[in-house]
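# Fold and geometry: a report
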Amino acid sequence: MTPETAVTDPAAIEKVIEEEATTDPAAEFAPEALTDPMQVLIEQGGVLRLPEDATADPNLSDSSFGDGERMIINLGPQHPSTHGVLRMMLELEGETVLRSKPIIGYLHTGMEKTAEELTYVQGATNVTRMDYLSPLANELCFSLAVEALLEVEMPARATWIRMLMAELGRINSHVTWAATNGMDLASTTMMIFGFRERDMLLSFFEKTTGVRMNHNYIRPGGVAADLPDGWQDDVLAIVDTIESRVDDYDQLLTGQPIFRERTEGVGIISAELALAMSATGPILRASGVPWDLRRSMPYLAYEKVDFDVIVGTIGDTFDRYAVRLNEIRESIRIVRQVVEKMPAGDYRVQDAKVTPPPRARIDESMEALIHHFKLFTRGIEPPEGEVYVAVESPRGELGCYLVSDGSNKPYRLHVRAPSFVNLQSVPALLRGGLIADAVAILSSVDPVLGEVDR
Amino acid sequence: MTEELSSVAVDAAPDSFASRVASLAGIPVSFSRGQEVLHPRRDQLVDAATALRNAGFVTCSDLCATDYSSAQESRPLPESIAPERFEVVVNILSLEHRRRVRLRVQVPESDPTCPTLFFVYPGTENMEREVFDLFGIAFDDHPDMTRILMPPEWEGHPLRKDYGVGRVPVQFKDAPGPR
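Description of the structure in this document. Keep in mind that what you see is a predicted model, and the values were worked out from it rather than measured.

Here the focus is the overall build of chain A. A count of helices and strands for chain A gives 22 helices and eight strands. Scored against the burial criterion, the 454 residues of chain A give a buried share of 52%. Here the analysis covers contacts within chain A between residues at least 6 apart in sequence; of these, 69% occur between residues at least 24 apart.

See below:
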């Protein structure tokens, strides 16, 4: 069916919906665990396969569509609970959501194309803007990919600084999620709490990297600068505060009957389905799969620190909430160990072809001046090859596929954005639930649209 | 592992599950910076993916494409693989073996289509739509082969190398450049 016929001919859409929808109501509302996940996905099409502008036709948007009760409505793109410019097309029967389709692209700015025009030195400023709630994870993934192409070894201190910043970034992302999730579930107190904690972290980032967001701090070859004097005290004060505040969140939300009512048993996804849909991060772990790249395929120095991988049981909205809340505690554990074990040494690799010489050397050494000039005019030139590197971002597996043709710019940079992939699970999560729960479910998936659309 | 291994035979990694699966179907294996890469033909892709899924590679973590039109000579490929303009790159993951394997499929410019992996890994749905949108590679039998990031009426496929980056002409500077 072509989009043209669909828009002009409501009967054709109606026919397709009739064909695609299940006729047996029992099967339609049965828990997904009882049905073969592949069957649910492929045949029933958890996803509404309609052209994006189908509801622009006034004939389709009223309640006389379909059998008189079924209708299609849009949630977003201008809606406070969609976390940006996400639009959901929802097929409703009464208040029950049947199929749905996330419609994205409103924030698409062609960052992968831009990356092909930026050198490896400039590249980190581009990728850091993708997932704007955890910019450090983006930089980390990009830098690890460039270093894998170059096959350079990081000094220990650079690795541990990266780990510290990545974990603080995770705490930052999770408290911000807790804040917006609280707002979606009508707990404005939670929103104020979350942003209060976030601000402490952003202040530390500002002190360390110079800016509150989009840091360009983790760069190919190490980090931009060493940690500021007295960073241990700052970091410990922050994590001590946040640790006690997470207990406050527990008191505020975890035991609260209204919150539990709205989250328990809502938006369940089974482990098989989550894996089939390529979901990662808290969504996958909430359904009971202990898959965390920090543990399963360690990078940086994660095998040298002690932490637990948090898993849920049934994969409902409450499990996803609990996983994230406890991941804050685990990250705090890691941060404390990093403070304790931080090695001395270089914070970036001492290879003049990869990182610039110290500013003071430029005044006294001709060679340093040349290296500095060459690095910022030509940049890094990794040998030909391609590499895929993944890190565990707060939202799941953040991957970077990088192809080098031997020049100073990436031939191709592809970012495997966890939010983009996780959004595919949303139709499966929403299916059979109430529209009032859709907001809670969307919030529990934690999509960041900057990363979805790139 | 370095570049000289790039066209090495299957038994270079005898312990590798994926290599053994690949050797059964005669799919060349190579290594890129130590990462295992299989090079199935287009018609082998679905079978190879199915075999790998049954061998424990239960999730597809990434699917993307590359347009090699301006770097044809600079990519290492096994000798038996004829380079084409496009390449569809699939990264799959085994939770059990804690391994990643990459499948690189050559897709010619004259016929930019590829069989869909949707029926093996339903999670590739959005990724294949993205590749279709940005590269113009259509995936046969994909249930919803429409644009995902660009507007539906958009012309052209932005990540192709012959698609301009778009820039504002600047006075006194006629030399082409992105900015």
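With 48 residues of chain A at the contact, the number on the chain B side is 37 residues. Looking at the side of chain A that touches chain B, the elements that each hand over two or more residues are helix 4 (37–42), helix 6 (111–115), helix 8 (135–150), helix 13 (271–276), strand 6 (385–393), strand 7 (396–404), strand 8 (412–416) and helix 19 (418–422) of chain A. Examining the composition of the side of chain A that touches chain B, we find that five residues originate from one element, strand 6 of chain A, more than from any other. Each residue belonging to the side of chain A that touches chain B can be placed in one class, and the counts come to 23 nonpolar, eleven polar and 14 charged.

This part covers the sheet that holds strand 4 (residues 86–94) of chain B. Paired through their backbone hydrogen bonds, the strands of a sheet run either parallel or antiparallel. Residue and element names in this part refer to chain B. Judged by pairing direction, the sheet is mixed, and its five strands sit side by side in the order 1-2-5-4-3 without closing on themselves. At either end of the open sheet lies a strand with only one pairing partner, and these are strand 1 (29–32) and strand 3 (59–67). Sheet twist, expressed as the mean angle between neighbouring strand axes with direction ignored, is 25°. In the sheet, strand 3 pairs with strand 4 via eight bridges, with the strands oriented antiparallel. Bridge assignment links Thr 66 to a residue of strand 4, and that residue is Glu 87. On the sheet, helix 2 (residues 45–54) packs against strand 2 (35–38), strand 4 and strand 5 (99–107) and is oriented at approximately 170° with respect to strand 5. Helix 3 (residues 125–135) contacts strand 3 and strand 4 of the sheet and is inclined by roughly 5° relative to strand 3.

Attention shifts here to unusual backbone geometry. Backbone geometry follows two general trends: most residues other than glycine have a negative phi, and most peptide bonds adopt the trans configuration. Residues and elements named next belong to chain A. Positive phi values are uncommon outside glycine, yet Glu 151 reaches one of about 55°. Its location among the elements puts Glu 151 in the loop between helix 8 and helix 9 (156–184). For Glu 151, a count of 14 C-beta atoms within 10 Å puts it in the partly exposed group. Phi is positive for Asn 214, close to 50°, though the residue is something other than glycine. In this fold, Asn 214 is placed in the loop between helix 10 (188–209) and strand 4 (218–219). The partly exposed category is assigned to Asn 214, around which 19 C-beta atoms lie within 10 Å.

What follows concerns the packing of helix 7 (residues 120–127) of chain A against helix 8 of chain A. All names here are of chain A. Remark: helix 7 packs on helix 8, axes separated minimally by 8 Å, with the N-to-C direction vectors making an angle of 155°. By the angle between their axes, helix 7 is roughly antiparallel relative to helix 8. Once helix 7 is placed against helix 8, the crossing between them reads as right-handed. Contacts between helix 7 and helix 8 involve Tyr 120, Gly 123, Ala 124 and Val 127 on the former and, on the latter, Asn 138, Glu 139, Phe 142, Ser 143 and Val 146.

Residue and element names in this part refer to chain A. Counting through the fold element by element, Val 311 comes out in the loop between helix 15 (293–296) and helix 16 (317–341). According to the C-beta neighbour criterion, Val 311 is buried, with 21 such atoms within 10 Å. Sequence separation between Val 311 and Pro 290 is 21 residues, and the spatial gap between their C-alpha atoms is 5.9 Å. Non-local contacts of Val 311, meaning those with residues more than four positions away in its chain, are made with Arg 285, Gly 288, Val 289 and Pro 290.

Thresholds applied
- Residues numbered from 1 in each chain as written.
- Chains lettered and ligands numbered in written order.
- Predicted model: local features only at pLDDT ≥ 70, side-chain atom pairs only at ≥ 80, totals over all residues.
- Helix = DSSP H or I, 4+ residues; strand = E, 2+ residues; numbered from the N terminus.
- Buried ≥ 20, exposed ≤ 12 C-beta atoms within 10 Å, placed from the backbone.
- Contact = placed C-beta atoms within 7 Å.
- Nonpolar A, V, L, I, M, F, W, Y, C, P; charged D, E, K, R; others polar.
- Pairing = 2+ DSSP bridges.
- Axes fitted to C-alpha atoms, helices over the stretch in contact; angles between N-to-C directions.
- Parallel < 35°, antiparallel > 145°, perpendicular 65-115°, else oblique.
- Left-handed = near helix turned anticlockwise from the far one by under 90°.

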